[in-house]
Amino acid sequence: MLLIMLAILPALILMILVYKADKIEKEPIGLLFLLILGGILSALLAILGETIMGVPVTLIYALTRSELLYQILENFIVVALVEELAKFLFLYLFSWKNKAFNFRFDGVVYSVFVSLGFAAFENVMYLSKFGSGVLVTRALLAIPAHLGFAVFMGVFYGMGRMYANYGARRQGRFYCFMGILIAVLFHGLYDFCASYHNILLTLIFLLVAVVIDILLIINIVKGSKNDRPI
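Predicted, not measured: the structure shown is a model, and the values here were computed from it.

Caption draft 1: Representation of helix α7 (residues 199-225) within the structure. Between its first and last C-alpha atoms α7 spans 39 Å; for 27 residues at 1.5 Å apiece the expected length is 39 Å, and the two agree. Among all positions of α7, only Leu201, Phe205, Val208, Ala209, Ile212, Leu216, Ile220 and Ser224 are buried. The elements touched by buried residues of α7 are α1 (2-21), α5 (135-165) and α6 (169-195).

In structure tokens, the structure reads:
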């Protein structure tokens, strides 16, 4: 039980920090818990999706024997695309039409709670499979990375809701699409660099992790400061 709490703690701390960054109007606690549940459900859906998508990718590898192509498809499609789409699905279902979604920064808060719910559940799964040795590195790298993907998605998600409120549904869909796309690209690049064990890609992996951390901090601070009704 103690190890499970330690596995969940990093995600919980980051949720609290983002919750506090929402300066104008705090979000309903019930909605936030629902979004965390959405994150857990998205993790379960992603497991199913990755299992299904893994079949054709494995087949392509068997036909081509290209390790590079396999790693690109595995990390960008099987993992990043499936996981970010699963997160977005429950983010949309649980928050898009909610009356509390009335400020642009709300999109960041909602996206973060779904993504960190996903990350907390994933952390518990890693704990059960690999033991407590993975908790430190995941707390320092994987959990903040999920936060970063969520912030990028949430910024565009909030913009999408704003345009939808103005009646510009096409622009609203475009911003939602861009949020998913950017989250997938960062997620895929992060996982791709982590998949190879050589000095160059390890350095790129660390650089990507640092860039994600810097950008998420900038976006949270800027989004909180410039928040406005939608």
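Once the structure has been displayed, the description carries forward.
Caption draft 2: Quick peek at the packing of helix α3 (residues 67-95) against α5. Between α3 and α5, the shortest axis-to-axis distance is 12 Å and the interhelical angle comes to 50 degrees. Judged by the inter-axis angle, α3 sits oblique to α5. Of the two possible hands of crossing, α3 and α5 adopt the one that is right-handed. When α3 is examined against α5, the residues Glu83, Glu84, Lys87, Phe88, Leu91, Tyr92 and Ser95 are found in contact with a partner set consisting of His146, Phe149, Met153 and Tyr157.

Caption draft 3: Highlighting a nonpolar patch on the surface. Nonpolar side chains collect at one region of the surface, where Met1, Leu2, Leu3, Ile4, Met5, Leu6, Ile8, Leu9, Leu12, Ile13, Ile16 and Leu17 lie side by side and expose about 1100 Å² of accessible area between them. By secondary structure assignment, the location of Leu12 is in helix α1.

Caption draft 4: Geometry of the environment of Ile16. Of note, Ile16 is situated in helix α1. Accessibility expressed as a relative area gives 41% for Ile16, which makes it partly exposed. Through-space distance from the C-alpha of Ile16 to that of Phe113 is 9.6 Å; in sequence the pair is 97 residues apart.

Caption draft 5: Summary view of the side chain of Lys87. Tracing the sequence through the fold places Lys87 in helix α3. Exposure remark for Lys87: the relative accessible area of 2% places this residue in the buried category. At 3.0 Å, the side chain of Lys87 forms a polar contact with the side chain of Glu84. The contact partners of Lys87, leaving out residues within four places of it in the chain, are Ser42, Val114, Ser115, Phe118, His146 and Phe149.

Caption draft 6: The arrangement of the side chain of Glu27 in detail. With respect to the secondary-structure elements, Glu27 resides in the loop between α1 and α2 (29-64). Lys26 provides the closest opposite charge to the buried, salt-bridge-free Glu27, at an N-O distance of 8.5 Å. A polar contact is formed between the side chain of Glu27 and the side chain of Tyr110, at a distance of 2.4 Å. What Glu27 contacts, discounting residues up to four positions off in sequence, is Tyr19, Asp22, Leu32, Ala100, Asp106, Val109 and Tyr110.

Caption draft 7: Region of interest: the nonpolar core. Of all hydrophobic cores here, the largest spans 52 residues; its most connected members are Tyr110, Val112, Leu116, Leu147 and Tyr190. Residue assignment for this core shows that the elements contributing at least two residues are α1, α2, α3, α4 (106-130), α5, α6 and α7. Per element, the largest residue contribution to this core is twelve residues, and it comes from α5. When residues no more than four places from it in sequence are discounted, the contact partners of Val112 are Val18, Leu147, Ala150 and Val151. Membership of the second largest hydrophobic core comes to six residues, among which are Ala43, Val82, Phe118 and Phe121.

Caption draft 8: Geometry of the packing of aromatic side chains. With the rule as written, the count across this model stands at 18 aromatic pairs. Both rings, one in Tyr126 and one in Phe130, keep their centres 5.6 Å apart while their planes meet at 35 degrees; by these two values the pair is tilted. Here the residue Tyr126 and the residue Phe130 both occupy positions in helix α4, the gap between them amounting to four residues, near one helical turn. The partly exposed category is assigned to Tyr126, whose relative accessible area is 32%. Each residue in the set Phe88, Tyr92, Trp96, Phe101, Tyr110 and Tyr157 is aromatic and connected to the rest through ring pairs, giving one cluster. Note that Lys26 overlies the ring of Tyr19, its terminal NZ or CZ placed 4.9 Å from the centroid. For Arg161, the ring lying beneath its charged end belongs to Trp96, and the centroid distance is 4.8 Å.

Reading guide: rules and limits
Residues numbered from 1 in each chain as written. Predicted model: local features only at pLDDT ≥ 70, side-chain atom pairs only at ≥ 80, totals over all residues. Heavy atoms only, no water. Helix = DSSP H or I, 4+ residues; strand = E, 2+ residues; numbered from the N terminus. Expected span 1.5 Å × (residues − 1). Buried < 20%, exposed > 50% of the residue type's maximum accessible area, 1.4 Å probe, protein only. Contact = heavy atoms within 4.5 Å. Axes fitted to C-alpha atoms, helices over the stretch in contact; angles between N-to-C directions. Parallel < 35°, antiparallel > 145°, perpendicular 65-115°, else oblique. Left-handed = near helix turned anticlockwise from the far one by under 90°. Patch = residues over 30% accessible without salt bridge, like charges linked within 9 Å, V, L, I, M, F, W, Y side chains within 5 Å. Areas by Shrake-Rupley, 256 points an atom, 1.4 Å probe, with all protein chains shown as cover. Salt bridge = Lys/Arg side-chain N within 4 Å of Asp/Glu carboxyl O. Polar contact = N/O pair within 3.5 Å; in protein donor to acceptor, adjacent residues only side chain to side chain. Lys, Arg positive; Asp, Glu negative; His and termini not counted. Core = buried A, V, L, I, M, F, W, Y, C linked by side-chain atoms within 4.5 Å. Phe/Tyr/Trp six-rings, centres within 6.5 Å; stacked < 30°, edge-to-face > 60°. Lys NZ or Arg CZ within 6 Å of the ring centre and 35° of its normal.

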